[in-house]
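Structural overview for review
Here is what each chain is made of, one letter per residue.
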Amino acid sequence: STAPEMIKVEKKDKICLITLNRPKAMNSLCSQLITELSAELKQCDEDPEVRAIVITGSKKFFAAGADIKEMEERTYQENFAQNYLTNWFNVAATRKPTIAAVNGYALGGGCELAMMCDIILAGDKAQFGQPEIKLGTIPGAGGTQRLVKAIGKSRAMELVLTGDFMGAQEAQQRGLVSRVVAEDNLVEEAMNVAKKIAGYSLPMVMMAKECVNQSFETTLATGLLYERRMFHSTFAYFDRREGMSSFLNKKKPEFKDS
Ligand code: CAA
């Protein structure tokens, strides 16, 4: 495969930092960019040197949505035949932990991309919105679903129907983002969160992520059963015994991912 052109990839300390890098179009998410991002995330899942992933944009824009220029000429028939946007869901299918570090605009597909990540940290000037209604269309990569689950129906409905933007503070108060960080410290802080997660047992991190995500897919009883069975399975791991005996012996655990 050729080197990606629209994302920048840096791997260090077991973290993969992916920077969306299409400045001439406000990081709008054209198909090449999404293809490159999906391929990189798949690679991260396979790469034993990667234990957490941070996705960020530039200071002014995380991503201004799907590429409107590219969408303009599309037809319904093409959309249906190609199952248009289905490849975006590769982002949500990533099994290792993903953190979105959002500075500036996260609009339309940009907001949807952030919501496909496990944790969103926002810079203090971040703006979130689903302005597709202004373009005569509607969100197509999860905006009407994940935003409702994140902030509730009434405000999600208002944002989707008006196309208005929501600032970082409000996004935090409503639970869309975990924390607001000064713009200049955002990526560093996201890397710190990633490093903390990367220090734990990777299979445990992946199981915990899978269980939390399961809560969006199923009933409480089924989700609790799913969690309990996963919890039971952690006892098959060296790391579970290492973690508990290290605690009791007041030493630092040495996890082996096994
Ligand atoms: N696609 C393609 N180009 C885009 C773009 C997008 N989503 N967003 C911005 N651009 C381009 C503009 O066309 C402009 O290009 P030129 O310099 O060639 O004119 C350049 O980026 C800068 O944009 P503005 O001049 O508009 O900058 P601004 O600072 O005045 O406004 C903004 C910034 C509020 C982000 C505004 O650009 C904007 O509203 N963008 C569109 C946001 C949007 O509607 N996103 C949803 C897309 S649909 C979608 O995502 C579907 C889905 O669910 C998957």
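Please refer to the structure higher up on the page.
Throughout what follows, the structure given in this document is the object of discussion. If you're wondering where the values come from, they're calculated on a predicted model, not measured in any experiment.

**What to know about the environment of Val180**
In this fold, Val180 is placed in strand β10 (residues 179–181). A residue is classified by how much of its surface remains accessible, and Val180, at 25% relative accessible area, is partly exposed. Considered as a pair, Val180 and Gly123 are 57 residues apart in the sequence and their alpha carbons are 5.6 Å apart. When near neighbours in sequence (up to four residues on either side) are disregarded, Val180 contacts Ala122, Gly123, Asp124, Ala168, Gln169 and Gln172.

**Quick word on the site of the ligand**
Taken together, 20 residues sit near the ligand, with Ala64, Ala66, Gly109, Glu112 and Glu132 positioned nearest. A distance of 3.5 Å separates a nitrogen atom of the ligand from a polar atom in the side chain of Ser28. One nitrogen or oxygen atom from the side chain of Glu132 is found 2.8 Å from an oxygen atom belonging to the ligand. Protein burial of the ligand: of its 990 Å² of free accessible surface, 61% is covered by the chains. When residues of the shell around the ligand are traced back to their parent elements, those giving at least two are α2 (68–72), β6 (105–107) and α5 (109–116).

**Quick look at the sheet that holds strand β1 (residues 7–12)**
The strand order across the open sheet formed by six strands is β1-β2-β3-β5-β7-β10, and the pairing between neighbours is mixed. Across the chains shown, the open sheet's two edge strands, defined by having one partner strand only, are β1 and β10. Each adjacent strand pair in this sheet contributes to an overall mean axis angle of 20°, direction not counted. Bridge count between β1 and strand β2 (residues 15–20): six bridges; the pairing is antiparallel. Pairing of Lys12 across the sheet is with Ile15, part of β2. The sheet strands contacting helix α9 (residues 186–198) are β2, β3 (52–56), β5 (98–102), β7 (119–123) and β10, and the helix crosses β7 at an angle near 155°.

**Digging into the sheet that holds strand β8 (residues 127–129)**
Across the sheet, which stays open at both edges, the four strands sit in the order β4-β6-β8-β9 with mixed pairing between neighbours. A single partner strand is all that each edge strand has here, and the edge strands are β4 (61–63) and β9 (165–167). When the angles between neighbouring strand axes are averaged without regard to direction, this sheet yields 20°. Relative to β6, β4 is paired through two bridges, and the arrangement is parallel. The residue of β6 that forms the bridge with Ala63 is Ala106. In the packing of α5 onto the sheet, the strands contacted are β4, β6 and β8, and the crossing angle to β6 comes to about 95°.

**Brief notes about unusual backbone geometry**
Peptide bonds are, in most cases, trans, and in most cases residues other than glycine have a negative phi. Although it is not a glycine, Asp13 adopts a positive phi angle of roughly 50°. If you trace the backbone, Asp13 turns up in the loop between β1 and β2. Although it is not a glycine, Lys250 sits at a positive phi angle of roughly 55°. Tracing the chain through its elements places Lys250 in the segment after α12 (238–248). Accessibility expressed as a relative area gives 78% for Lys250, which makes it exposed.

**Re the state of the cysteines**
This model, assessed by the stated rule, comprises zero disulfides. Looking at Cys111, it has no disulfide partner, and the nearest cysteine sulfur is the one in Cys117, 11 Å off. Unpaired in terms of disulfides, Cys211 finds its nearest cysteine sulfur in Cys117, a separation of 20 Å. A relative accessible area of 18% places Cys211 in the buried class.

Conventions we followed
- Residues numbered from 1 in each chain as written.
- Predicted model: local features only at pLDDT ≥ 70, side-chain atom pairs only at ≥ 80, totals over all residues.
- Heavy atoms only, no water.
- Helix = DSSP H or I, 4+ residues; strand = E, 2+ residues; numbered from the N terminus.
- Buried < 20%, exposed > 50% of the residue type's maximum accessible area, 1.4 Å probe, protein only.
- Contact = heavy atoms within 4.5 Å.
- Near = heavy atom within 4 Å.
- Polar contact = N/O pair within 3.5 Å; in protein donor to acceptor, adjacent residues only side chain to side chain.
- Areas by Shrake-Rupley, 256 points an atom, 1.4 Å probe, with all protein chains shown as cover.
- Pairing = 2+ DSSP bridges.
- Axes fitted to C-alpha atoms, helices over the stretch in contact; angles between N-to-C directions.
- Disulfide = S-S within 2.5 Å.

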